[in-house]
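Each chain is listed here by its residues.
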Amino acid sequence: DTGVSQDPRHKITKRGQNVTFRCDPISEHNRLYWYRQTLGQGPEFLTYFQNEAQLEKSRLLSDRFSAERPKGSFSTLEIQRTEQGDSAMYLCASSLRRQGADYGYTFGSGTRLTVV
Amino acid sequence: KNEVEQSPQNLTAQEGEFITINCSYSVGISALHWLQQHPGGGIVSLFMLSSGKKKHGRLIATINIQEKHSSLHITASHPRDSAVYICAVLSGGSEKLVFGKGTKLTVNP
């Protein structure tokens, strides 16, 4: 297992276009998280999944954003009608949640989105 | 006021110096993470702590739950330690990490 993989690493898109990012977590991890990091700031929580169920969404996740984890393995994050303010690093992380504790919390390298 | 405050925001050191980065938080937590982020974005998890102290190589992390404070120490710092170090907490009852803004460390040869 090579850790948490994110694809693509970089994405440049025109304002108004839709984009989709993919995250492949560590295979035995049941939790998957999406975070967003803007320049000079720490990451901010967007949403998380326990297996295939999306259990929490931040108010940062407007209706233009949608995330899925259809089979409890990889996840996709789609942004529709992108705006310049969506430019950020989108980070995925995964962990094994067992008996109330997180094990092996691991981040991916992120997808850097630039909206022009 | 942010739930997680780090100090200093920027730190420049000479190779070989002992480094300390501080993190204070205002909520009850179940765990605290120290993370390293190099230019270009990828985040590496260094430590996850809920009490006491952990050591890995030249890195040491401590946490004082009563004082709501954690420190990350780097002994014998090296230019390759140059990165942004981020403190993040998992508050009790929450499922998401809350991050500090990071400390940018530059170690000069």
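Heads up: these notes are all about the structure in this document. All chains use their own residue numbering, which begins from 1 and follows the written sequence. Ligands are numbered from 1 and chains lettered from A, in the order in which they are written. Note on the predicted model: pLDDT of at least 70 is required for a residue's local features to be given, and 80 or more for side-chain atom pairs to be given and counted; whole-chain, interface and lining totals, by contrast, use all residues. Only hydrogens and water are removed before side-chain values are computed, so all heavy atoms of the structure are retained for them.

**Considerations on the pattern of salt bridges**
Consideration 1: What makes a salt bridge here is a side-chain nitrogen of Lys or Arg within 4 Å of a carboxyl oxygen of Asp or Glu, nothing more. Within the structure shown, the criterion is met by five salt bridges over all chains.
Consideration 2: Between Lys96 of chain B and Glu56 of chain A there is a salt bridge, with its nearest N and O atoms 2.9 Å apart. Placement of the pair is Lys96 of chain B in the loop between strand E9 (83-91) and strand E10 (97-99) and Glu56 of chain A in strand E6 (residues 53-57), with the two residues belonging to separate chains.
Consideration 3: Note that Asp86 of chain A and Arg64 of chain A form a salt bridge whose closest N and O atoms lie 2.8 Å from each other. Linking Asp86 of chain A in the loop between strand E8 (75-79) and strand E9 (88-98) with Arg64 of chain A in the loop between E6 and strand E7 (65-68), this pair joins segments that are 22 residues apart in sequence.
Consideration 4: What you see here is one network of salt bridges that share partners, running through Arg64, Glu83 and Asp86 of chain A. We count a stretch as a helix when DSSP gives it H or I for four or more residues in a row; a strand needs E for two or more, and each element gets its number in order from the N terminus.

**Some thoughts on the nonpolar core**
Consideration 1: Among the nonpolar cores identified, the biggest contains 23 residues, and Tyr25, Leu32, Trp34, Leu46, Phe47, Leu72 and Tyr85 of chain B are the most heavily contacted of them.
Consideration 2: Elements with a contribution of two residues or more to this core: strand E3 (19-25), strand E4 (29-37), strand E5 (43-49), strand E7 (59-64), strand E8 (69-74), E9 and strand E11 (103-108) of chain B.
Consideration 3: Not counting residues within four places of it along the chain, the set of residues in contact with Tyr85 of chain B comprises Gln6, Ile21, Leu35, Gln36, Leu46, Leu72, Ile74, Gly102, Thr103 and Leu105 of chain B.
Consideration 4: Core analysis: the next-biggest nonpolar cluster, separate from the first, contains 19 residues, Val4, Trp34, Phe49 and Leu77 of chain A among them. Remark: nonpolar core denotes a set of buried residues (Ala, Val, Leu, Ile, Met, Phe, Trp, Tyr, Cys) joined through side-chain atoms within 4.5 Å. Only protein chains enter the calculation, and the probe is 1.4 Å; a residue is then buried if its accessible area is under 20% of its type maximum, exposed if over 50%, and partly exposed in between. Here a residue-residue contact requires only that any non-hydrogen atoms of the pair lie within 4.5 Å.

**A look at the state of the cysteines**
Consideration 1: We call a pair of cysteine sulfur atoms a disulfide whenever their separation is within 2.5 Å. If you walk through the whole model with that rule in mind, you get two disulfides over all chains.
Consideration 2: Through a disulfide, Cys23 of chain A is tied to Cys92 of chain A; the S-S separation comes to 1.9 Å. Note on the Cys23 of chain A and Cys92 of chain A pair: the S-S dihedral is about -70°, so by sign convention the disulfide is left-handed. In this pair, Cys23 of chain A sits in strand E3 (residues 19-24) while Cys92 of chain A sits in strand E9, placing the two residues 69 residues apart along the sequence. Across this residue pair, the class does not change: Cys23 of chain A and Cys92 of chain A are buried.
Consideration 3: Each sulfur in the disulfide pair Cys23 of chain B and Cys87 of chain B lies 2.0 Å from the other. Because the torsion about its S-S bond is -65°, the bridge between Cys23 of chain B and Cys87 of chain B counts as left-handed.

**Let's talk about the interface of chain B and chain A**
Consideration 1: Each partner contributes to the interface: chain B provides 17 residues, whereas chain A provides 20 residues.
Consideration 2: Here chain B meets chain A over a buried area of about 1,500 Å², counting both sides, of which 56% is carbon and sulfur.
Consideration 3: The interface formed by chain B and chain A holds one salt bridge in total.
Consideration 4: Whenever two N or O atoms come within 3.5 Å, that pair is a polar contact, provided that in protein one can donate a hydrogen and the other can accept it, and provided that, for residues adjacent in sequence, both atoms are side-chain atoms. Between the two partners, chain B and chain A, sit three residue pairs in polar contact (both at pLDDT 80 or more).
Consideration 5: Put simply, the parts of the chain that give the side of chain B that touches chain A at least two residues each are E4, E5, E9 and E10 of chain B.
Consideration 6: Following the grouping adopted for this structure description, the nonpolar residues are Ala, Val, Leu, Ile, Met, Phe, Trp, Tyr, Cys and Pro, the charged ones are Asp, Glu, Lys and Arg, and the polar ones are all others, Gly among them. Residues that form the side of chain B that touches chain A fall into these classes: seven nonpolar, seven polar and three charged. Summed over both partners, the accessible surface that disappears when two parts come together, traced with a 1.4 Å probe, is what is meant by buried area.

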